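Fold and contact review
One letter stands for each residue in the lines below.
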Amino acid sequence: MNSKDLRQNFLDFFKSKGHEIRAGSSLIPEDPTLLFTVAGMVPFKNYFLRKVPITFKRAASCQKCIRTNDIENVGKTRRHHTFFEMLGNFSFGDYFKKEAIEWAWEFLTEIIKLPKNRMYISVYKDDDEAYEIWNKKMKIPAERIFRMGKETNFWEMGTVGPCGYCSEIYFDLEGSSIATQEDIEKNDDRFLEIWNLVFTQFEKKADGSLVELEYKNIDTGMGLERLAAVSQGVYSNFETDLFMPIINFIAKKAGIQYKSDAKKDISLRVIADHLRSAVFLIADGVLPSNEGRGYVLRRIIRRGVRHCKLLGFKEIFLFEGVSPVISIMQDFYPELLKRKEYIMQIIKLEEEKFQTTMEKGIEILENEMERLKKLNEKILSGNVIFKLYDTYGFPVEITEEIIEEHGIKTDKNRFDELMDMQRETARKSWKGTSAELLEKVPMDLIQKLNVTLFTGYENLKEENCKILAIIKDKKEVNSAEKGDEINIILDKTPFYAESGGQIGDAGVLLTNNCEILVFDTKKIDERYFHICKVKNGNIKKGDIVIASVDEIKRKDTMKNHSATHLLQAALRKILGVHVEQSGSYVGYDRLRFDFTHFAQITTEEILKIEDLVNKWIQECYAADIKEMDIDSAKKQGAIALFEDKYKKNVRTVKIGDVSFELCGGTHVKNTGEIGLFKIIYEGSISAGIRRIEALTGNGAIKLLNEYEKLVLKLKNNFKAGDITEIEDKIDKLIEENKNLKKQMENTKKDELLKNIEEYINNKIVINEINTIIVKLNGISKDAVRVLGDNIKLKIKKAFILITNVLEDKVNFLAIVTDDLVDKLDASKIVKEVAKVCGGGGGGRKNMAEAGGKDVNKLDQAISLAKELLKRV
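A few points on the structure. (Residues numbered from 1 in each chain as written. Predicted model: local features only at pLDDT ≥ 70, side-chain atom pairs only at ≥ 80, totals over all residues. Heavy atoms only, no water.)

Where like charges cluster on the molecular surface, the negative patch consists of D722, E727, D728, D731, E735 and E736. Residue position: E735 is located in helix α23 (residues 723-754). In this structure E735 comes out as partly exposed when scored by relative accessible area, which is 42%. (Patch = residues over 30% accessible without salt bridge, like charges linked within 9 Å, V, L, I, M, F, W, Y side chains within 5 Å. Areas by Shrake-Rupley, 256 points an atom, 1.4 Å probe, with all protein chains shown as cover. Salt bridge = Lys/Arg side-chain N within 4 Å of Asp/Glu carboxyl O. Lys, Arg positive; Asp, Glu negative; His and termini not counted. Charge placed at Lys NZ, Arg CZ, Asp CG, Glu CD. Helix = DSSP H or I, 4+ residues; strand = E, 2+ residues; numbered from the N terminus. Buried < 20%, exposed > 50% of the residue type's maximum accessible area, 1.4 Å probe, protein only.)

Below you can see the structure in the form of structure tokens.
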């Protein structure tokens, strides 16, 4: 059975059992404590914890997942992957063990038709109930059911909280003889765990005791890749229809045959796996970077590139493998096809960047090995390995391979220490307002509070708001007084909480004897936290307050948010439909919009975008805001932010026939309220991502008034009648300035050339090398090069170093005459010299250039150059 049928049959089967089929969520989880979606249950976590209202009791899904904890095993085993799909069925206080076991067995034996005599069952050692169901109800012989311990058959979320027994279903890939429990525990090659049924029935207390939960849950997970392997009768996940088209594509391009060379087979599997991960991560909005999720993506891509090199690819190739991945997955994940060019471009850019850093890494490694050889040392410092890995993206495996050829070992312990520190840095970089707020708010308080009713779409003022909780210094308190900085949770509020790029509202909370300033509003799981300071009086839990939003700030924010929607529509119309939002900031003072686009945006395009947005503003389109189910919204063409998770019912904002988006933010009723739109910045923020910042309304008018003042000042200074005349006079002034600079440079160049004989006469001889050192100030680079070339023509067996301080930086030019290039390397010398001044550079053996930031260390740098000549 092919993977598409397996996936669909699973969902259809559980739909027939009364489950709501839920679309898989993004790889970027809503849970701020997780870097990636790592299991099918992650999107349902709040349902299991009963932190959100349960609108369905049964659900099933196919969830894309990322795990990189065993990345070093990928390609070496038949089952390790960084990207995989998890099939799962879930019950929230509805059915329990009996149905979960019955349906799992029915699906595997009657729908997929796996042979019963090839399957084994494990249960927790104390779970008599599950054992009885398998043995008595499902008629599984006792010799095929094994009681196992906590390590394999007990699930828990942490040291306290929901937990429960597990039951696992194993498939015997060989079927040669009846297995024992020891066989299953020790023989991963023969027995493949295909389905894990988790029975969440306890709450673990701080003392370790287990208390039965009032609402028992079911959480199951089955890897699609593993199911495909057993149903398609192959020994490895990599031999299924999910991987083989990718592997065959790579092998053909590399001119090799799969299963003809064990080492190359590993590389083929690694590339196929890492391509799948990279494609899905980029499609969900992750971009290569040096922190957080982007760091993981960068590591995956570069590991793939390394294995491309091991297969003999000379040019960049990895991005070409996007096509077979999408061909396999596009039916179930149609968004991949829409983003294909974008995904390919991101991977290609990262490959190109890594090629450059890889060459630098090899150069650093060669220099380090040369140093170790001179010192007769055999251990490469973990600091160097980490620098190569972290700064230059140089895989540690390549480092080890190269140095082992020279009899050098690695200080792996120090490298691992630094990697652990890097992982901790990555953990701290996980994004999300919730993550910051969680550090200030007791978790148990969040769980016991009801969700906040938000009334701010219709009202900016709400009376009779009850204080449910007051938090001060990370603890819940009963009261607060003048000067206290606190967080307040109300039962209802007109304050918008920061989300979707829009900032939280500011304003005031009032009682008869107390005034509380609200600086910001944030939320966790629909609980709204008002970030406050008590200005006057006292406040206590249970008090009733009047909540008033700062009307001016809110209305300016609404203008900016609606303008952001118009901006995205204009970008897609003028630049192309490949444009997608990758981030935003919507405040009362300005708006910022990050989007996918690979080329520079011309001044003409910026003006077109700005004009189009202003045209739509002047046409006074009404904003039609409705709630509808997400499927209907998408069918009608609503744009969704691709890394966002949406609920079943969503809020849509339709502006005329111009823009239609899913959005929970606040908006103007009519585009005419925006008044004016003015772009103030456009530029690149990373590979394939550009940023526009803009002003609207009064902010835009204020900016234009400042521009007008500047124009009036220029008119007066240049004694010009209009803007055209100002432009002409400025152009004339620039041209005159250029000519003057050129004349000055020519004069300086002539003076330099007149002094050549003097420079040569002042030479010193070091180690039989004629050494000429010239210190200059404020000379153009061209003039310095001309001077160096002319000195070289007039002397033999010479090393020439010209330093030039220009714009608070120092530049170095090193030249070696042709009769000394076998003895001296200008490139190596100038690099070491520039390091003294905090810089670097390079070039050829006979001529190299470098730069440095610290001019004060110039004399030290020159001294080092002389010292290096003595060592030759």
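This paragraph deals with helix α1 (residues 3-16). What sets the pattern is the α-helix's 3.6 residues per turn: residues three or four places apart point alike. Here α1 contains 14 residues, and its C-alpha end-to-end distance of 20 Å stays within 8% of the 20 Å for a straight helix at 1.5 Å per residue. All of the buried residues along α1 are S3, L6, R7, F10, L11, F13 and F14. Each buried residue of α1 sits inside an arc of 160° when the element is viewed along its axis, so together they form one side. Within α1, the exposed residues directed more than 90 degrees away from the buried face are K15 and S16. Looking at where α1 begins, the residue whose side-chain oxygen comes 3.1 Å from the main-chain nitrogen of K4 is N2. Within two residues after α1, G18 carries a phi angle of roughly 85°, on the positive side. (Expected span 1.5 Å × (residues − 1). Arc of directions from axis to C-beta. Polar contact = N/O pair within 3.5 Å; in protein donor to acceptor, adjacent residues only side chain to side chain.)

Right, let's get into unusual backbone geometry. Of note in this structure, N376 is not a glycine but carries a positive phi near 60°. When you line up the elements, N376 lands in the loop between α13 (340-375) and β10 (379-380). Judged by its relative accessible area of 63%, N376 is exposed. For E807, which is not glycine, the phi torsion reads 55° and is therefore positive. Residue position: E807 is located in the loop between β32 (798-806) and β33 (809-816). Among the residues examined, E807 registers a relative accessible area of 71% and is labelled exposed.

It is the contact of helix α11 (residues 322-329) with α13, at a shortest axis distance of 10 Å, that shows an interaxial angle of 145°. Note on packing geometry: the crossing formed by α11 with α13 is right-handed. Residue-level contacts link V322, S323 and I326 of α11 to K340, I343, M344 and I347 of α13. (Axes fitted to C-alpha atoms, helices over the stretch in contact; angles between N-to-C directions. Left-handed = near helix turned anticlockwise from the far one by under 90°. Contact = heavy atoms within 4.5 Å.)

Formed by 121 residues in total, the largest nonpolar core has its most connected members in L108, W134, W195 and I250. With residues up to four places along the chain from it excluded, the contact list for W195 reads F10, F14, N89, A104, F107, L108, S167, E168, I169, T220, G221 and M222. In this structure, A563, L566, L575 and C663 belong to the second largest nonpolar core, which totals 29 residues. (Core = buried A, V, L, I, M, F, W, Y, C linked by side-chain atoms within 4.5 Å.)

Pairing in this open sheet of four strands is antiparallel, and the strands run β23-β24-β29-β28 from one edge to the other. Since the sheet does not close on itself, it has two edges, and those belong to β23 (581-586) and β28 (677-686), each with one partner. Averaged over all pairs of adjacent strands, the angle between strand axes in this sheet comes to 15°, irrespective of strand direction. One ladder, built from five bridges, connects β23 with strand β24 (residues 591-596); its direction is antiparallel. Among the inter-strand pairings, Q581 is bridged to a residue of β24, identified as F595. (Pairing = 2+ DSSP bridges.)

Orientation of α1 relative to helix α7 (residues 224-231), taken along the N-to-C sense of each, is 115°, at an axis distance of 10 Å. Handedness of the crossing formed by α1 with α7: right-handed. In contact with S3, L6 and R7 of α1, α7 contributes L224, L227, A228 and S231. Partitioning the contact of α1 with α7 into residue classes produces four nonpolar, two polar and one charged. (Nonpolar A, V, L, I, M, F, W, Y, C, P; charged D, E, K, R; others polar.)

Spatial relationships are all this shows, so hold off on functional conclusions.
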